[in-house]
Amino acid sequence: MDQYSLSREIEKMARRDVCLAFSGGVDSSVLLKLLCDASRRMEHGGRIYAVTFQTRLHPPADVEIAKKVAEETGAIHCVLPVDESESEELLNNPVNRCYLCKKYLFSRLISFGRDKGISLFLDGTNADDLNVYRPGLQALKELGIRSPLAELGVTKADVRQLAGQLGLSVASRPSTPCLATRIPYWTRLDFELFARIDQAEAFLKELGYPIIRVRVHGEIVRLEVPADRLSDLAADSGTVAKKLKELGFSYITVDLEGFRSGSMDIHL
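In what follows, the accompanying structure is described. (Residues numbered from 1 in each chain as written. Predicted model: local features only at pLDDT ≥ 70, side-chain atom pairs only at ≥ 80, totals over all residues. Heavy atoms only, no water.)

### A few points about the state of the cysteines
Tallied over the entire structure, the rule returns zero disulfides. This cysteine, Cys-19, is not joined by any disulfide, and Cys-78 carries the nearest cysteine sulfur, 7.5 Å off. Given the relative accessible area of 17%, Cys-78 is considered buried. (Disulfide = S-S within 2.5 Å. Buried < 20%, exposed > 50% of the residue type's maximum accessible area, 1.4 Å probe, protein only.)

The following block contains the structure:
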């Protein structure tokens, strides 16, 4: 990571009014903090808007976390409600679901920003995201959304380091991709199911598993935790199975390969 180039680019952007898609995750939080700090250092810095999508595909707790971090940075925080069920194509959950979703969300971000006279729109994609299956990146490119961290080669490890240096409360927060990643492609989006998955993951986090995915394949649930926690999960199997069955899941299994980001993409 070239910190000088990053600082120079951030200062250039912070001279303008900016609209940042802000999830409250570590990537967008680092970018938001850098922009806000740069703007405050200037005599005529731009207004920095942190816009959080309130969606049906992300846990409600994400919005509260985003509000907290936006307050830490001093950004202008706005919550933009969206309803993915308005898109029949998205509801069918095709393999380019992420593209359709990003196009849907960021089109609304642009409309929001243009109403305020803003022409610079950003997101927190980092350089590592360019090396995995991310069809949503094409939507950002088509819409003219810029990703400064990715453009300047800032990796996830760099982001974590910066978050610690900046004192952000989410410095060690695990990634929280949308709940649609918990079901196979072409399985129709089911928001009642996603609510139960969210409850199951929240329960496992309270039980001491901060990194957890509850993947659902029909009647079978496949639990992913880091490989070094598999023995712990086995010890907690009775408690976990009881809770998940209360939530309406019939068959509870554990993935012996452990947690893998994007494990639903292995056939693509």
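Still more to cover.
### Points about the pairing of strand β2 (residues 48-54)
Extensive coverage of β2 is indicated by the burial of six of its seven residues. Summarising the sheet, strand β1 (residues 18-21) and β2 pair through four bridges and their orientation is parallel. Among the inter-strand pairings, Ala-21 is bridged to a residue of β2, identified as Val-51. A crossover connection joins β1 to the parallel β2 through helix α2 (residues 26-41); in handedness this β-α-β unit is right-handed. Both β2 and strand β3 (residues 76-81) contribute to a ladder of six bridges, which runs parallel. Counted as the bridge partner of Gln-54 is Pro-81 from β3. Between the parallel elements β2 and β3, the chain passes through helix α3 (residues 61-73) in a crossover that is right-handed. (Helix = DSSP H or I, 4+ residues; strand = E, 2+ residues; numbered from the N terminus. Pairing = 2+ DSSP bridges. Right-handed = clockwise from strand over helix to strand, strands pointing away.)

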